[in-house]
Structures are given as C-alpha cells and as structure tokens.
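Single-letter residue listing:
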Number of protein chains: 2
Amino acid sequence: MTFKYELIKESKECNARLGKVYTNHGEIETPIFMPVGTKATVKTMTPEELENIEAQIILSNTYHLYLRPGHDLINEAGGLHKFMKWNKPILTDSGGFQVFSLGNLRNITEEGVTFTSHIDGSKHFISPEKSMEIQNYLGSDIIMAFDECAPYPSSWDYVKASMERTTRWAKRCKDYHKNIENQALFGIVQGGMYEDLRKESAKQLVDLDFPGYAVGGLSVGEPPDLMYEVLDYTVPLLPKNKPRYLMGVGSPDYLFEAVIRGIDMADCVLPTRMARNGAFMTSKGRITIKNAKYKRDFTPIDPQCKCYTCQNYSKAYIRHLFKENEILGARLATIHNLFFLINLMKNIRISIKEDNLLKFKDEFYKEYGYYTKGGVN
Amino acid sequence: MTFKYELIKESKECNARLGKVYTNHGEIETPIFMPVGTKATVKTMTPEELENIEAQIILSNTYHLYLRPGHDLINEAGGLHKFMKWNKPILTDSGGFQVFSLGNLRNITEEGVTFTSHIDGSKHFISPEKSMEIQNYLGSDIIMAFDECAPYPSSWDYVKASMERTTRWAKRCKDYHKNIENQALFGIVQGGMYEDLRKESAKQLVDLDFPGYAVGGLSVGEPPDLMYEVLDYTVPLLPKNKPRYLMGVGSPDYLFEAVIRGIDMADCVLPTRMARNGAFMTSKGRITIKNAKYKRDFTPIDPQCKCYTCQNYSKAYIRHLFKENEILGARLATIHNLFFLINLMKNIRISIKEDNLLKFKDEFYKEYGYYTKGGVN
C-alpha cells in the first residue's frame with residue numbers, strides 16, 4: 001500500500017473534517033494528536049503502553065537521532081520501527097526546527113545549515129538532501145521537508161526570503177527523495193504572520209504536489225488569536241484531498257481551534273513534558289500534583305478518566321511518588337496526559353461526525369478553562 | 001487465614017528446603033527473592049509488571065514510609081497494599097537498619113533510638129513499640145522486630161550488649177503487637193560474627209516463639225566466607241517449621257549459598273540499583289550496557305532470557321536509552337534484573353525438588369562467575 005488520505009466527512013458547522021491516513025504501518029484516524037518520541041522513545045513509555053492508550057502514530061526527531069545514536073546505526077538495526085519496537089506509523093520532522101533553534105550555533109546558506117552539536121561541540125551540515133537521506137535511513141512513514149521556521153517576530157523582508165528559500169529547499173527534498181512508495185514527504189507552509197507570504201508559500205508548495213502539507217512557524221510565541229488568524233487564511237489554500245498537519249501544538253484549546261480550522265494532525269511535547277513536572281490535564285482543568293492540598297486526597301486525578309492511572313491510583317499516592325522523585329510518578333502522569341489528549345481527539349472526531357463540535361468545545365472550555373495560551377515551540 | 005509456613009521438602013544434598021508461606025494476601029513459594037519497594041514503589045515498576053515477572057512478595061521500608069508520606073497517611077489510605085495497589089504479600093522491615101545507618105545522627109538508649117531525619121533535620125524517636133505501631137498502620141503481612149544491626153567489625157562486648165538488647169526489644173515488640181491475625185512478627189537473630197553470641201541470640205528468640213525468624217547483621221562488609229560460616233552454625237538453630245529470612249542479600253552467589261544453608265527468603269536492592277546504573281545480570285555474567293562494544297550489538301541482553309526486555313529489545317537500543325538518560329532504559333533493566341533473580345530462585349526451587357541443587361549451582365557459576373563479593377548492606 002502506498003500513502004493515501006481519505007476525506008470521510010466535512011463538518012456542517014466549520015472547517016473541521018474527518019479523515020483517514022493510510023500508511024505501510026497502518027491507518028490513522030484524523031484529526032489526530034501525535035505523541036512525541038524525540039529520541040526513539042516516548043519518554044517513560046513502552047510501545048505496548050502507547051497502544052493501550054490508543055496512540056495511532058508517534059513523532060520522532062531527526063536532529064536528535066542524527067546526532068545520537070546516528071541514522072546509520074538505526075538503519076543497521078532495520079529502521080526506526082524495528083529499533084524502538086513500534087510497529088505503527090511514525091512521522092519524523094526534518095531537523096530544521098531544532099537546528100534553527102540553536103541560535104548562534106548555526107549558520108544558514110542557500111546550500112543548507114552548518115551547526116555545532118549541542119552535545120559535544122562537533123561541526124555538522126544539514127542540507128535538504130541530507131535531511132532526506134537521514135529520514136530515508138530512519139524509515140519513518142511520513143517525512144518532512146527541510147524548512148526554515150522563522151522566529152517570531154520577524155520582518156516581512158526576512159520572512160519573505162526565508163519562505164522562498166523554504167520552497168526551493170522543498171523542491172530539492174522532493175527531487176532527492178526516492179523512497180516514495182514507503183515514505184510520504186510533506187511540504188511545510190511558512191510565511192510567518194504575513195497573509196501574503198503564507199498565501200504565496202501555500203501556492204508554491206501546492207504546485208510542487210506533495211502528498212501532505214504542514215503548517216509550520218506557528219505556536220512560536222505569537223498570541224493565540226494571531227495563530228488562529230493565520231490558520232483561517234492558510235488552511236483553505238491547502239488541497240482538500242491531502243492531510244494537513246499543524247506542527248508543535250498540543251494544548252486542548254489549540255487543538256480544538258486548529259481542528260475547527262481544518263487541521264488533521266498535530267504534535268507537541270506539552271503533555272509528556274507537563275507529566276514529568278507533575279502537571280496533569282483533567283476534565284476540570286490543570287492539576288499540579290505537588291500542591292499540598294492533594295496530600296490526603298485519596299480520589300483519582302480525574303474521576304471521569306478511564307486511563308490506567310485514574311483507574312488505579314489516588315492523588316495522594318501520585319503526589320508521594322513525585323515528592324520522592326520516583327520514576328513511577330512520571331510514568332503514571334505521562335500515561336494520563338497522553339490518554340487525555342488522545343481521548344479528547346477521539347471525542348472531537350465523534351463530535352465532527354455528529355456535527356456538534358462547537359457545542360462540545362464550549363462545554364469543554366466551561367469546565368477546563370484555557371490553562372495555557374500556547375504550545376511549547 | 002492466619003500466617004503459616006509449610007515445609008514441603010528437605011534436600012537430600014544440603015540444608016536447602018522447599019516450602020510455602022501462607023498470608024492473608026496470598027501464598028509465597030520458598031526459597032524466594034523479594035524485590036525491594038523502599039518508598040511504596042519498586043523503583044520504575046507498576047504492580048502489574050511485578051506480577052508479570054512473577055514477584056510473589058515485595059519488601060518496603062518502615063523508616064522511609066514513616067518519614068514520608070507518613071504511616072498515618074498510609075493508614076488513612078487503607079494501608080500500604082491499597083495505597084500502592086499491590087495486592088500480594090508485603091514484608092516491612094523495622095526501620096532499625098536505616099536508623100542505625102544514620103551514624104552520628106542517632107542515639108541509642110534502652111528505651112529506643114533518637115535520630116535526626118536525613119531529609120529535613122527534624123528529631124524523631126523510634127522504640128520497639130513505635131516500630132510496631134508504624135508497621136501495624138502500614139498493614140504489611142510480615143513485620144520485623146526492631147533490632148540493632150551491629151556494625152562490622154565490632155567487639156565481642158559491644159555485640160553481646162547489642163544482641164541482648166535486641167532480644168529485650170524483640171520481647172517488647174511481641175508484647176505490643178496485637179494484630180497477629182493479619183501480621184506475622186518475625187524475630188531477628190543478631191550476634192555479629194561470634195558463634196557463641198549467634199547461638200545465644202537464636203536460643204533467646206526461639207524461646208519467644210515468633211512465627212518466623214530472620215538472620216540479620218550479615219552482608220554488612222564481612223568476607224563472604226565469614227557470612228557462610230555464620231549461616232552454617234546459625235540456621236540449624238532455627239525451628240524447622242518456621243520460615244528463615246536472610247536480610248539484605250541479592251547477588252546470585254549469595255542466594256545460592258544461603259539457600260544451601262537453609263534460608264527461605266531474601267531481599268536486596270542490588271538488582272534494582274544495578275539496573276538504574278545500566279548493569280545487567282545475565283546467564284553469562286554481568287553486562288555494563290554503556291560499554292562502547294554494545295553500540296552496534298543488535299542481539300538481546302541475554303538471548304536465553306524470557307523477560308519482556310530480552311524478548312523485545314537489542315543491546316544497541318537499550319544502550320542508546322542509557323546514554324540519553326531515557327527512563328525507559330531504567331525500566332527495561334529493572335524488569336530484566338528482577339526477572340533474572342526471580343527466575344533463578346524458581347530454578348533453584350525446581351532443583352531442590354529434583355535434588356540436584358549443587359550441580360545446578362556449579363553449572364551456573366561456571367557461566368556466571370562471582371561478579372560480586374557481597375550484597376549492598
């Protein structure tokens with residue numbers, strides 16, 4: 001089977017849609033949230049636990065795997081799926097975002113990016129071709145074009161030049177990438193917060209005819225309303241018969257608003273990072289478990305939640321684990337937060353099917369509030 | 001059901017024996033190795049994972065639970081089993097060993113021990129009665145008398161006085177402990193490395209008629225042969241119809257030698273602590289996974305092992321996890337090491353049944369070697 005997107009239903013209320021993505025490692029129901037397994041492991045979790053919480057696809061990071069253990073080693077192991085024992089779909093990013101985040105440790109030219117490893121100070125060069133080579137070696141089902149994610153805020157001139165280079169790089173990625181039977185290459189729309197540039201970027205990438213498209217350069221510090229505005233005018237420019245992926249978004253409010261604007265896929269380290277800090281997403285809002293008020297609270301984190309953590313353990317016990325830095329605490333929190341978002345997306349899919357997503361959103365917000373104004377990019 | 005020990009078979013070759021311990025939370029086949037869950041969690045593991053590796057009983061620490069989260073809180077939660085969701089037997093130590101390990105932070109009198117918390121410097125007092133009260137609150141199936149574990153080496157005079165006080169304290173524990181239907185109180189034989197004192201201690205404790213006996217004060221830095229010698233003359237003094245527990249022992253060689261001398265139960269943090277440092281017990285000896293030679297080794301940690309870790313992951317992947325400090329690494333190592341010792345004890349039980357324990361030991365040593373000369377007390 002080769003990669004395919006099937007549009008199942010468009011909402012009558014908004015731009016939300018139900019779909020299915022087909023890959024060689026299985027199907028993905030969209031809209032979907034993708035847990036992040038930066039270094040070939042979703043932190044604290046086994047693959048079986050990810051299956052138990054119904055994760056359908058995970059994301060892993062090209063930059064980190066390139067540096068350690070090395071894409072050649074993972075290739076020798078039989079690819080990333082086999083290396084980490086995850087047999088469902090994997091999406092890898094291009095390494096671009098991490099490389100650009102290195103700030104003055106990197107230097108951009110038309111050819112690619114030279115950078116200094118954050119681990120050992122060694123020098124490296126990643127070009128569009130190199131990013132494709134690495135991702136080909138990793139063997140992920142969905143791979144991303146090597147782009148530049150311009151910082152926020154940036155001038156129109158800067159973003160224009162960066163966006164145009166991103167298009168040229170996307171073309172080079174497409175030219176280099178040969179394993180199209182097994183790996184779907186997505187283009188990434190850039191253009192910062194400028195409507196004309198977003199439109200131009202979308203047009204140029206759509207002309208290159210990728211099997212899927214991401215919206216990059218959002219959730220990078222801009223106000224939420226600005227992100228929503230960009231999605232409002234960008235997403236409708238993307239083909240209906242291709243999946244649309246919003247990069248780096250994972251708070252419940254961002255997910256709702258993105259889906260309403262036509263996004264099919266999203267990823268973020270937010271739920272797993274929050275978990276390791278003892279912060280839980282619940283149907284009544286955010287819980288910081290180390291808070292003294294939970295010391296003798298023998299009720300579950302979220303009495304409405306069906307996850308392993310909430311079915312078995314009390315706040316008092318989980319608080320004890322976090323106070324003692326016990327690894328089981330981070331495990332239980334990760335299971336809960338990922339389950340929470342995956343389950344939220346499942347309910348979002350049901351509400352799209354039933355054309356009551358907006359009502360579901362209102363009810364959710366009433367209990368939950370907006371605890372975060374952003375992702376963590 | 002109340003606590004009971006059933007002697008099933010005595011070896012024809014040595015003092016090893018097969019037995020069964022009955023508690024309100026289930027049966028324990030002996031000889032048995034008990035994983036340690038110091039702070040109400042066997043580090044990195046869920047209760048279900050412990051069941052999967054066939055752990056039949058775990059140990060938890062009175063001293064740590066008394067300080068945090070507090071035995072009153074655990075009592076409110078419905079006891080330790082319910083608090084940590086482990087429904088099989090639990091043994092708690094008396095707190096004595098940890099308190100005495102505090103060195104100059106504690107002061108011993110006939111009444112009990114005054115000490116300063118290692119966490120916040122607060123002052124505390126634990127007497128035999130207090131240790132019983134704490135363990136009664138915890139609700140563990142087997143509780144230990146409050147003893148003094150004399151340091152090694154200590155003079156005959158010191159050990160004699162300490163041993164005699166331990167007997168007086170054991171009697172006070174017995175007098176205070178009322179919940180005998182649900183919690184079996186074990187006496188602890190002390191006497192250092194002095195044969196006359198060990199014999200005297202054993203006699204005095206046997207006179208007090210406890211449902212089980214521990215041998216304490218071993219694996220505290222003495223040469224292995226000295227420990228074996230002490231076991232040689234101490235264990236035969238203990239009643240045949242009661243279980244015998246050697247405290248703080250968990251290396252394969254110590255376990256073999258203890259069982260051969262008539263020990264039924266043992267515990268140690270060794271397998272779990274080694275695991276978190278990336279050290280694996282295998283049928284061919286010890287593996288330190290961070291070693292560079294495993295970088296591209298795509299075979300399992302121990303090809304003969306049936307544990308989850310060895311059935312699913314390569315050395316190269318586990319090494320990557322440890323190099324990146326990923327929590328999954330510590331999890332996979334803990335599963336393996338505990339499985340290794342629990343499975344070893346299972347095979348030891350089979351070999352007692354078949355009267356070929358000594359041959360099994362020789363074959364095991366031939367492949368494994370003696371990688372450690374001691375426990376970790």
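Here, every reference points to the structure presented above.
Each chain carries its own residue numbering, running from 1 in the direction its sequence is written. Written order determines the labels here, with chains lettered from A and ligands numbered from 1. Where totals are concerned, whole chains, interfaces and linings use all residues; where local detail is concerned, this predicted model gives features only for residues with pLDDT of at least 70, and gives and counts side-chain atom pairs only at 80 or more. By convention in this description, side-chain values take in all heavy atoms of the structure and omit both hydrogens and water.

Asker: Quick one: what's the story with the state of the cysteines, residue by residue and with numbers?
Answerer: Residue and element names in this part refer to chain B. Cysteine sulfur atoms that come within 2.5 Å of each other are treated as a disulfide pair. Counted by the stated rule, this structure contains zero disulfides over all chains. Looking at cysteine 268, it has no disulfide partner, and the nearest cysteine sulfur is the one in cysteine 149, 13 Å off. For each residue, the accessible area found with a 1.4 Å probe, counting protein chains only, is set against the maximum for its type, and the residue is called buried under 20%, exposed over 50%, and partly exposed in between. Cysteine 268 gets classed as buried once you look at its relative accessible area, which sits at 2%. No disulfide involves cysteine 305; its sulfur sits 3.7 Å from the nearest other cysteine sulfur, which is in cysteine 307. Classification of cysteine 305 by relative accessible area gives buried; the value is 7%.

Asker: Lay out the side chain of serine 314 of chain A in plain terms, naming residues and giving numbers.
Answerer: All names here are of chain A. Put simply, DSSP marks the helices as runs of H or I at least four residues long and the strands as runs of E at least two long, and each gets a number from the N terminus on. Its place among the elements puts serine 314 in the loop between α12 (308-312) and α13 (315-323). A polar contact of 3.1 Å, which involves the side chain of serine 314, links it to the backbone nitrogen of tyrosine 317. Those residues within four positions of serine 314 in sequence are excluded, and the remaining contacts are Asp297, Phe298 and Thr299. For this analysis, a polar contact is any N or O atom pair within 3.5 Å, provided that within protein one partner can donate a hydrogen and the other can accept it, and provided that sequence-adjacent residues contribute only side-chain to side-chain pairs. We call two residues in contact whenever any of their non-hydrogen atoms come within 4.5 Å of each other.

Asker: I'd like a description of the interface of chain A and chain B, backed by residues and values.
Answerer: With 37 residues of chain A at the contact, the number on the chain B side is 37 residues. When two parts are brought into contact, each loses some accessible area as probed by a 1.4 Å sphere; the total of that loss over both is the buried area. At the boundary of chain A with chain B, total buried surface from both sides reaches about 3500 Å², with 53% on carbon and sulfur atoms. The salt bridge definition used is simple: a Lys or Arg side-chain nitrogen within 4 Å of an Asp or Glu carboxyl oxygen. Scanning the region where chain A abuts chain B turns up 12 salt bridges. Arginine 296 of chain A is the salt-bridge partner of aspartate 72 of chain B, the closest N and O atoms lying 3.2 Å from each other. In this assembly, chain A and chain B are joined by 20 residue pairs in polar contact (both at pLDDT 80 or more). The set of elements that each furnish at least two residues to the side of chain A that touches chain B consists of α1 (47-52), α3 (71-76), α4 (80-84), α12, α13 and α14 (327-353) of chain A.

Asker: Tell me about unusual backbone geometry, and please be specific about residues and values.
Answerer: In this model, threonine 30 of chain A is joined to proline 31 of chain A through a cis peptide bond whose omega is 0°. Within the fold, proline 31 of chain A resides in the loop between β3 (26-30) and β4 (32-34). Here the phi dihedral of aspartate 355 of chain A falls at roughly 55°; this positive angle occurs in a residue that is not glycine. Position of aspartate 355 of chain A relative to the elements: it lies in the loop between α14 and α15 (357-368). Its identity as a non-glycine residue notwithstanding, lysine 85 of chain B has a phi of 65°, on the positive side. Assignment of secondary structure puts lysine 85 of chain B in the loop between α4 (80-84) and β6 (90-92).

Asker: Could you give an account of the packing of helix α10 (residues 252-260) of chain A against α14 of chain A, with specific residues and numbers?
Answerer: Residue and element names in this part refer to chain A. Throughout, an axis means a line fitted to C-alpha atoms (over the contacting stretch in the case of helices), and angles, computed between N-to-C directions, take values from 0 to 180 degrees. Contact geometry of α10 with α14 gives a least axis separation of 11 Å together with a crossing angle of 30°. Considering their axes alone, α10 and α14 lie roughly parallel with respect to each other. The element α10 and its partner α14 pack so that their crossing is right-handed. In contact with Pro252, Leu255, Phe256 and Val259 of α10, α14 contributes Phe340, Leu341, Leu344, Met345, Ile348 and Ile352. Working rule for angles: under 35 degrees goes down as roughly parallel, over 145 as roughly antiparallel, 65 to 115 as roughly perpendicular, anything else as oblique. When the near helix sits turned anticlockwise from the far one by under a right angle, the crossing is termed left-handed; a clockwise turn instead gives a right-handed crossing.

Asker: Talk me through helix α9 (residues 224-234) of chain B; I want residue IDs and the actual numbers.
Answerer: Residue and element names in this part refer to chain B. With eight of 11 residues buried, α9 is to be regarded as a mostly interior element. Listed as buried for α9 are Pro224, Leu226, Met227, Tyr228, Val230, Leu231, Tyr233 and Thr234. The elements touched by buried residues of α9 are β11 (184-189), α8 (195-208), β12 (212-215), β13 (244-246) and α10 (252-260).

Asker: Give me the lowdown on the relation of the copies chain A and chain B, citing residues and values where you can.
Answerer: C-alpha atoms of residues with pLDDT of at least 70 in both copies form the basis for the least-squares superposition of the copies. Screw-axis analysis of chain A against chain B gives a translation of 0.0 Å along the axis, an RMSD of 0.0 Å, and a rotation angle of 180°. Such a combination of turn and shift is consistent with a two-fold rotation axis. Ranked by how close their C-alpha atoms come to the rotation axis, the residues of chain A are headed by isoleucine 327 of chain A, at 3.7 Å.

Asker: Kindly report on the packing of aromatic side chains, identifying the contributing residues and their values.
Answerer: Residues and elements named next belong to chain B. Aromatic rings from Phe, Tyr and Trp, with only the six-membered ring used for Trp, were paired whenever their centres fell within 6.5 Å, and each pair was classed as stacked if the ring planes differed by under 30 degrees, edge-to-face if by over 60, and tilted otherwise. Applying the stated rule across the entire model yields 34 aromatic pairs over all chains. Residues phenylalanine 3 and phenylalanine 186 carry aromatic rings whose centres are separated by 5.8 Å and whose planes lie at 75° to one another, so their mutual orientation is edge-to-face. Of this pair, phenylalanine 3 sits in the segment before β1 (4-10) while phenylalanine 186 sits in strand β11, placing them 183 residues apart in sequence. Phenylalanine 186 carries the same exposure label as phenylalanine 3, and that label is buried. Aromatic side chains phenylalanine 256 and tyrosine 365 sit 5.6 Å apart centroid to centroid with 80° between the ring planes, which places their arrangement in the edge-to-face category. Highlighted residues: phenylalanine 256 in helix α10 and tyrosine 365 in helix α15 (residues 357-368), separated in sequence by 109 residues.

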